[in-house]
Structure formats: C-alpha cells, structure tokens
Amino acid sequence: MTSENTLTMYGIKNCDTIKKARKYLEANNTDYRFHDYRADGLDAALLGQFIAVLGWEPLLNTRGTTWRKLDEATRETVNNAAAAQELMLAMPAIIKRPLLCAPDGSMLLGFSEATYQQFIQEKC
C-alpha cells in the first residue's frame, strides 16, 4: 500500500479496543499511522472535521469511565456540538475510539473485524 493510501487511526494507545484494532490491522498487513490524542495532541480543527463527518453524539463516549466520573451538572451542559467539542478537547479520553480515517476523508468509529474488513476493502 502506498503512503497516499495510508489509513490513520486516532485514539489512546493504552485503550484495550485500540490494541485489538491495531492488532487486526497489523495481522492483515494494513498500512496505517497511529495518532495518540495524548501524545500527539488534538486541535479544534481536527476535532471539528470529526464532528462534521460523524456528528458529536457518536463521538462522545457516554459509556466510559471518563464520562461517568463527570458530575451531573457538567454532563447536562453537553447538549450541543460546541459544548461537546469543548469537553472532548479538554478530555480526549472521552472520545469514542478507535476512529479510523481513510485518505478520502471517510471515517469509521469503533471496532469490529467485519466493519474493518469492509472499510479497508473499500478504501485501500
């Protein structure tokens, strides 16, 4: 696979789902670049692209520990894209992961072998 066809995976390296997704890509000889929100950062423009394509609700992981640790008042304020983006920029661990991006701008959120296989066949 050439570099212009390289996928980018966004997430946090110590996440178990990220580990499974990376293992899948490597086992299937899929060229990808990993972007760790904590190590590589996350800016408003990039997050804005994610929100524009996927919507803020799917990106906001309301099942995870980070969300559950928030007080009720804070959770109630996250009711639109701007509020969600502000929270995700402040706490990238609250973003659902992994997020796999193809060079054409299409995105796949979450991980299952079946959806990864289909996405890779279509995009690479």
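Structure: above.
The paragraphs below set out a description of the structure included in this document.

What counts, and at which threshold
- Residues numbered from 1 in each chain as written.
- Predicted model: local features only at pLDDT ≥ 70, side-chain atom pairs only at ≥ 80, totals over all residues.
- Heavy atoms only, no water.
- Salt bridge = Lys/Arg side-chain N within 4 Å of Asp/Glu carboxyl O.
- Helix = DSSP H or I, 4+ residues; strand = E, 2+ residues; numbered from the N terminus.
- Buried < 20%, exposed > 50% of the residue type's maximum accessible area, 1.4 Å probe, protein only.
- Pairing = 2+ DSSP bridges.
- Right-handed = clockwise from strand over helix to strand, strands pointing away.
- Axes fitted to C-alpha atoms, helices over the stretch in contact; angles between N-to-C directions.
- Parallel < 35°, antiparallel > 145°, perpendicular 65-115°, else oblique.
- Left-handed = near helix turned anticlockwise from the far one by under 90°.
- Contact = heavy atoms within 4.5 Å.
- Phe/Tyr/Trp six-rings, centres within 6.5 Å; stacked < 30°, edge-to-face > 60°.
- Lys NZ or Arg CZ within 6 Å of the ring centre and 35° of its normal.

### Digging into the pattern of salt bridges
When the charged atoms of two side chains with opposite charge come close together, those side chains can pair.
Logical step 1: Tallied over the full model, the rule gives two salt bridges.
Logical step 2: The partner of E72 in a salt bridge is R75, and the shortest N-O contact between them spans 2.9 Å. Of this pair, E72 and R75 are both found in helix α6 (residues 72-77), three residues apart, which corresponds to roughly one turn of the helix.
Logical step 3: Between D104 and K123 there is a salt bridge; the shortest N-O distance is 3.2 Å. Taken together, the residues span a long stretch of sequence, with D104 in the loop between β3 (99-101) and β4 (107-109) and K123 in helix α8 (residues 113-123) at a distance of 19 residues.
Logical step 4: On the accessibility criterion, D104 (53% relative accessible area) is exposed.

### Remarks on the pairing of strand β1 (residues 7-11)
Logical step 1: Most of β1 is tucked away: five of the five residues are buried.
Logical step 2: Of the two faces of β1, the one lined by L7, M9 and G11 and the one lined by T8 and Y10 are each fully buried.
Logical step 3: Bridging between β1 and strand β2 (residues 32-36) involves five bridges; their strand directions are parallel. Its bridge partner lying in β2, Y10 is registered against H35.
Logical step 4: For the crossover from β1 across helix α1 (residues 16-27) to β2, the handedness is right-handed.
Logical step 5: Two strands pair when backbone bridges link them, and β1 and β3 are joined in this way by three bridges, in the antiparallel orientation. Pairing of M9 across the sheet is with L100, part of β3.

### Focus: the packing of α1 against α8
Logical step 1: Where α1 meets α8, the closest approach of the two axes is 11 Å, and the angle between their N-to-C directions is 45°. On the basis of the axis angle, α1 is oblique to α8. α8 is crossed by α1, and the crossing has right-handed handedness. Here A21, Y24 and L25 of α1 come into contact with α8, specifically with E113, Y116, Q117 and I120.

### Focus on the sheet that holds β4
Logical step 1: Strands sit in the order β2-β1-β3-β4 across an open sheet of four strands; the sheet is mixed. In this open sheet, the two strands that pair with only one neighbour each are β2 and β4. Geometrically, the sheet is characterised by an average inter-axis angle of 20° between neighbouring strands, direction not taken into account.
Logical step 2: Here three bridges tie β3 to β4, and the two strands are oriented antiparallel to one another. Counted as the bridge partner of L100 is L108 from β4.
Logical step 3: Lying over the sheet, helix α3 (residues 44-54) contacts β1, β3 and β4, oriented at roughly 85° with respect to β4.

### Describing the packing of aromatic side chains
Logical step 1: Counted according to the given criterion, the structure contains five aromatic pairs.
Logical step 2: A ring pair is formed by Y10 and Y37, whose centres lie 6.3 Å apart and whose planes are at 20°; its orientation type is stacked. Within this pair, whereas Y10 is found in strand β1, its partner Y37 is found in helix α2 (residues 37-40), the two being separated by 27 residues in sequence.
Logical step 3: Classification of Y10 as buried rests on a relative accessible area of 8%.
Logical step 4: A ring pair is formed by F111 and Y116, whose centres lie 4.7 Å apart and whose planes are at 85°; its orientation type is edge-to-face.
Logical step 5: In this arrangement the basic side chain of R22 is found over the ring face of F34, its NZ or CZ atom lying 4.2 Å from the centre.

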